[in-house]
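# Working through the structure, step by step
Here is how the chains run, residue by residue.
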Amino acid sequence: HFDYIMGCAHNVSDIWIRHPGRPERDLDEVNRFGLKKFIDNSVEDHNSICNLKHVSILGHPFVVPVYLGIANKIDNTDLKDFLHVAKDTKTALELHKPSIEKLHKFGDLSFFENMVKFGLNIGCKFTYGSDAHKLSSIGMPEDIEKYLTSLGITVDDLFIPEKKT
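Throughout what follows, the structure given in this document is the object of discussion.

Parameters at a glance
- Residues numbered from 1 in each chain as written.
- Predicted model: local features only at pLDDT ≥ 70, side-chain atom pairs only at ≥ 80, totals over all residues.
- Heavy atoms only, no water.
- Helix = DSSP H or I, 4+ residues; strand = E, 2+ residues; numbered from the N terminus.
- Contact = heavy atoms within 4.5 Å.
- Areas by Shrake-Rupley, 256 points an atom, 1.4 Å probe, with all protein chains shown as cover.
- Phe/Tyr/Trp six-rings, centres within 6.5 Å; stacked < 30°, edge-to-face > 60°.
- Buried < 20%, exposed > 50% of the residue type's maximum accessible area, 1.4 Å probe, protein only.
- Lys NZ or Arg CZ within 6 Å of the ring centre and 35° of its normal.
- Axes fitted to C-alpha atoms, helices over the stretch in contact; angles between N-to-C directions.
- Parallel < 35°, antiparallel > 145°, perpendicular 65-115°, else oblique.
- Pairing = 2+ DSSP bridges.
- Expected span 1.5 Å × (residues − 1).
- Arc of directions from axis to C-beta.
- Polar contact = N/O pair within 3.5 Å; in protein donor to acceptor, adjacent residues only side chain to side chain.

### A short note on the overall build of the chain
From N to C terminus, the chain includes 7 helices and 4 strands. Listing every helix and strand of the chain by position from the N terminus yields β-α-α-β-α-α-β-α-α-β-α. Sequence separation of 24 or more characterises 80% of the internal contacts of the chain that already satisfy a separation of 6 or more. For the chain, the computed accessible surface area is about 9100 Å², with 51% contributed by carbon and sulfur atoms.

### What to know about the packing of aromatic side chains
Tallying each qualifying case throughout the model produces 4 aromatic pairs. Aromatic pair Tyr4 and Phe159: ring centres 6.0 Å apart, planes at 85°, arrangement edge-to-face. Residue Tyr4 is located in the segment before strand S1 (6–7), and its partner Phe159 is located in the segment after helix H7 (142–150); the two are separated by 155 residues in the primary sequence. You can call Tyr4 partly exposed: its relative accessible area is 31%. Pairing Phe62 with Phe111 gives two aromatic rings, centres 5.8 Å apart and planes at 90°, and the pair type is edge-to-face. Residue Phe62 is found in the loop between strand S2 (57–58) and helix H3 (63–68), and its partner Phe111 is found in helix H6 (residues 110–122); the two are separated by 49 residues along the sequence. Among the residues examined, Phe62 registers a relative accessible area of 1% and is labelled buried. What links up through ring pairs into an aromatic cluster is the set Phe62, Phe82 and Phe111. Directly above the aromatic system of Phe33 lies the positively charged group of Lys37, at a separation of 4.7 Å from the ring centroid. Positioned above the aromatic ring of Phe118, the side-chain terminus of Lys80 is 4.5 Å from the ring centre.

### Some remarks on the side chain of Ser99
For Ser99, the location among the structural elements is in helix H5 (residues 97–106). If sequence neighbours within four positions are ignored, Ser99 has contacts with His60, Val63, Val66 and Tyr67.

### As for the packing of helix H2 (residues 35–50) against helix H4 (residues 76–88)
Following both chains from N to C, one finds H2 and H4 inclined at 10°, their axes separated by 9 Å at the closest point. By the angle class used here, H2 and H4 are roughly parallel. Here H2 contributes Asp40, Val43, His46, Asn47 and Cys50 to the contact with H4, which in turn contributes Asp78, Phe82, Val85 and Ala86.

### Regarding the pairing of strand S3 (residues 92–95)
Burial along S3 is two-sided: Ala92 and Glu94 and Leu93 and Leu95, pointing in opposite directions, are all buried. Here S3 pairs with strand S4 (residues 126–128) via 3 bridges, running parallel. Residue pairing in the sheet places Leu95 in a bridge with Tyr128 of S4.

### Description of H4
Here H4 is 13 residues long and its end C-alpha atoms lie 18 Å apart, about the 18 Å a rise of 1.5 Å per residue gives. Residues Leu79, Phe82, Leu83 and Ala86 constitute the buried set of H4. Each buried residue of H4 sits inside an arc of 100° when the element is viewed along its axis, so together they form one side. Looking at the buried positions of H4, the neighbouring elements they touch are H2, S2, S3 and H6. Where H4 begins, one side-chain oxygen reaches toward the backbone nitrogen of Thr77, 2.7 Å away; that side chain belongs to Asp75.

Shown next as structure tokens:
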């Protein structure tokens, strides 16, 4: 018996881009594919993962656009539609420390902040550190906890494992 199963979109449809890949090469690939098509397919892929009955958490949402510095190209309407799918399918969203750090480095946290604020308004559940790849990544560092609580996240907004119906 598993407590939960995570689904992750490490690639977008027909394009395989690893994160943290080489943005200069990967952005060329996105441009060949078409930015709008890439973003649309990314949103569609995330919706598809949420619709899988066995997936309880979507790990690091939109990590590829985040790492490529194009997450802000995801339209707020598409973002809200995705968040409704996550809520309706009872799929929690992992708040990923490396994604927060990458967006902070780019100097634009608006995509992440919109995702959290819209998600809270819609009634989404969140998790943190659920995709920890090493023991030191489990738990929530104090600076991240302060940042997330400043966005309005409370303990009531956190994911508690339960089987999807």
